[in-house]
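# Residue-level structure breakdown
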Amino acid sequence: MNFKKFLITGALILAVFGFTVSVSAQQQGGTLTMALKEKLDTLDVFTSALYEPLYVLGLVCETLVIYDENMEIQPLLAKSWSVSVDQLTWTFKLKEGINFHDGTPFNAETLKDYLWNWFFPKSFGGWEFEPVKELVVVGEYTLNFVLEQPYSMLLTYLGDPWNIIQSPAAYEKHGERYGFDALVGTGPFMFDSWVRGDRIILKKNPDYTHGPAFLSNQGPAYLDEIVFRIVPEAITRVSELRYGDVDLIRTVPENMLANLQEDTNIETLLKPSFRVVFISCNMDRSIMQDKRVREAINHAVDRQAVLNATFSGYGTVASSLLPPSATGYWSGSEEFAKSILTYDPDKARTLLDEAGWGLPPGETVREKNGQKLNLNLVAMNVPRYSLPAEIVTAMLADIGIAVNLEIFDAAAVNARLEASEFDFTVTGWSYNIGEVTLDMIVGSPSIPNPNYARYDSPAIDRALETVRLGATAEERVTASAAVQRMVVEDQIVIPLVVRSDSIAVKGHVGGIDEVKKHPWWLDLVLALELYVK
Amino acid sequence: MLSYLVRRTLSIVPVLIGVSLIVFLSMRLAPGDPARQILGPLASQEKVLELRSQLGLDKPIFVQYSIWLKNALRGDLGESIANHAPTLELVSERVGQTLELTIAAFCITLLVALTAGIISAIRQYSITDTVVTFSALFWLSMPTFWLGLMFMLFLAVRIPGLPISGRGGSFWTWNGLVHLILPALTLGLPQAGTFTRITRSGMLDVLLQDYVTTARSKGLAERVVILKHALRNTLIPVITMMALQLPWLFGGSVIVETVFSWPGMGRLLTTAVFERDYPLVQATALVYTLVVVFANYLADIAYSLADPRIRLQ
């Protein structure tokens, strides 16, 4: 190598190496401000009834296992796991050297203490672990889940982002103030402070190095600090993102999304949502017990028009009670629903004629034995339900059904639905674990809330039992598909549309390309991959 | 005077009890179950019933009220159902922030209304008068939420350093002050519209009074006539009316606080209503009532000092 070649090679090496160093140095530090739309009631997952706290909890606390972008379960706090031949004992090997943010070591003893004494009895998700008979500490980092019966849902539930692992010592220490003064997990960020109604501040956990292998950064986080600001008004959130000091907003209102997508200073990311909007027909009402009336409602509704008007076209027309992104979704749904969940107003009119609801000459509302076909529709005063309800009202008028639409706030709607004071409702559900959604919406034990339809089908209940407690994954998948098929056939709960979800970030926020690779559940991904350029 | 003060003070008690009873009943009669709101749709009926019993919501409504009243008289306004914290603690965290916003809005009202009203009156039927009158009508006709959004879109976006929303800290810091500008303008300007018109008509009335004519005939400069003779007499009723509007501003902050994410009492109240957080609604309403009653009380006392005939009535 002559001197000239040596110099050129050296310069190239320095340039590449220097560039790499400068990029990674740029990634370190900084504060990211996220705007949340709702106030937070508490950060205690055992008592909060809201969804928003999860955005904070997901950065501070972790689950034993985690779903990757292919919906495959991967290790997080657990290093590995195995199941005995009789499928009654699951052995979890835990990652070593991890401490909770309060210094409590994370090991089999503390995990058992947390799960047995805190999580199982106190969490809303505690019922998901009913088949767990005993937790046995086998070694410092090995914990056995001993089951009463084979239970293949165990791993799914352990990966549910609601089922986070927290410090039992912190629960003990803070008592009822836990969730206000403290939140202690093992995640990449630590709870710092909460000014109620205004902001929550999280600081980087510098010791965090056990992030999931499928992410490009396993820790520590690049950011020094994450600030959550409570900004209830949608337009204020969007203005803050475009012109103010907010760097990231989640679930952008669809009517503002197109504008943001055109803004060159903003990057948007569309991701699958878990929210399905559907009609629930009240089976306590004799009119609704006639399947032809329910079918007529189904065929009278143009789902694409509902999607366009409610969500500006973002999302998809639903073909199942479950969204495609949820666990347990039946992949044959679309094909199966193609001939059933169709927009066909003429067919709807024929069905009503057959059911005896004729349209007298010169009238706009159908009648049967002198009784007019008036239905009472109750919906919540949020656009995702009130807008589809208004559109459905207009579409049903077109086939001769007079709808009395009543829109109330959440508490009043819940009360009306629970008391069976409605004929049908336009409502929805959002949950990542589809098996839970099926249980809640169409399982008879959930009557009247949230099974508002009073959907009482022994066949569905039997299939749901298998979905819940099936010994093998195959059994569960088959049973889940059967439930989804029966729901579409019965048309008691009529799926309308699946909403899409979105995130919008300022141009100076880096790492969004990595985030896009993992759209299923974003909290930990955002925590580890985002940085300020 | 003392007996008047005692009578006037005692008259506050039935008002407070009456308002608390009305708020109590209206919340209980509104459909919706706080226990279900707190526990969410995943909770079983048994858990909901258990919580209802814990919260005492299964007792007859007047028993619930008497328990609340008894505790309230001891200074215990109960615990917020949704926030799991004493309501007094939550209200006291927020009341200062709403007062801060209200006072800033009041200052804007005072400044704009007096200046514009007086200029408009002394230049009656001029172009300035027409512009001021039209502007006043414009501001007072604007719905607060719309006005807030317009300020946000047209001012915050264009003026560097002007925050869009949130509270920037204490009132006495620069950051705190700049965060106050837009919400205070939104709350204060519609009121300024109303009071500009009142100031203008008050000033016009005064300018026709004999003592003003006398002052002018004595050869006093117009500036002295306006500022020394006319303005003083115009200000007394206008400022009194403005003071009586303070509670309105306090109440009007409900919408402004939501639009600008201002962490005050208004937002606390709205979320409490939607969550059917009975104790918190009750406590917040009580504070609002106290502010209104206290403002009226002070005005009455001030009147009685100024005009002893009121005491006799």
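Shown above is the structure to which this text applies.
Described in the following lines is the structure provided in the data block. (Residues numbered from 1 in each chain as written. Chains lettered and ligands numbered in written order. Predicted model: local features only at pLDDT ≥ 70, side-chain atom pairs only at ≥ 80, totals over all residues.)

## Points about helix α15 (residues 434–442) of chain A
Residue and element names in this part refer to chain A. With eight of nine residues buried, α15 is to be regarded as a mostly interior element. Taken together, the buried positions of α15 are Gly 434, Glu 435, Val 436, Thr 437, Leu 438, Asp 439, Ile 441 and Val 442. Looking at the buried side of α15, the elements it contacts are β18 (424–430), α16 (458–469), α17 (473–490) and β19 (493–506). (Buried ≥ 20, exposed ≤ 12 C-beta atoms within 10 Å, placed from the backbone. Helix = DSSP H or I, 4+ residues; strand = E, 2+ residues; numbered from the N terminus. Contact = placed C-beta atoms within 7 Å.)

## Here's the deal with helix α12 (residues 345–354) of chain A
Residues and elements named next belong to chain A. Taken as a whole, α12 has its buried residues at Ala 348, Leu 351 and Leu 352. Looking straight down α12, one finds its buried side chains confined to an arc of 95°; they lie on one side. Among the exposed residues of α12, those oriented more than 90 degrees off its buried face are Asp 346 and Glu 354. Buried-residue contacts for α12 involve α9 (291–300). Immediately downstream of α12, the backbone of Gly 356 shows phi near 95°, a positive value. (Arc of directions from axis to C-beta.)

## Some words on the interface of chain A and chain B
Each partner contributes residues to the interface: chain A has 32 residues there, and chain B has 38 residues. Here the element with the most residues in the side of chain A that touches chain B is helix α14 (residues 410–418) of chain A; it accounts for six residues. Grouping the amino acids of the side of chain A that touches chain B by side-chain chemistry returns 14 nonpolar, eight polar and ten charged. (Nonpolar A, V, L, I, M, F, W, Y, C, P; charged D, E, K, R; others polar.)

## Quick notes on the sheet that holds strand β6 (residues 132–139) of chain A
All names here are of chain A. Read across the sheet, four strands follow the order β4-β5-β7-β6 without closing on themselves; strand pairing throughout is antiparallel. This sheet does not close on itself; its edge strands, each paired only once, are β4 (78–83) and β6. Strand-to-strand twist across the sheet, computed as the mean angle between neighbouring axes with direction ignored, equals 20°. When β4 meets strand β5 (residues 89–94), the two strands line up antiparallel, connected through five bridges. Following the sheet pairing, Trp 81 is matched in β5 by Phe 92. Its contacts with the sheet put helix α3 (residues 108–122) on β5, β6 and β7 (142–147), and the angle it makes with β6 is roughly 165°. (Pairing = 2+ DSSP bridges. Axes fitted to C-alpha atoms, helices over the stretch in contact; angles between N-to-C directions.)

## Quick word on the nonpolar core
Ranked by size, the top nonpolar core spans 162 residues in total, and within it A:Val60 and A:Val493 carry the most contacts. Per-element tally for this core: the top contributor is β19(A), with eight residues. Contact partners of A:Val60, with chain neighbours within four places excluded, come to A:Leu183, A:Gly185, A:Gly187, A:Phe189, A:Met190, A:Phe191 and A:Leu202. Residues B:Leu90, B:Leu114, B:Ala121 and B:Ile226 belong to the second largest nonpolar core, which totals 64 residues. (Core = buried A, V, L, I, M, F, W, Y, C linked by C-beta atoms within 7 Å.)

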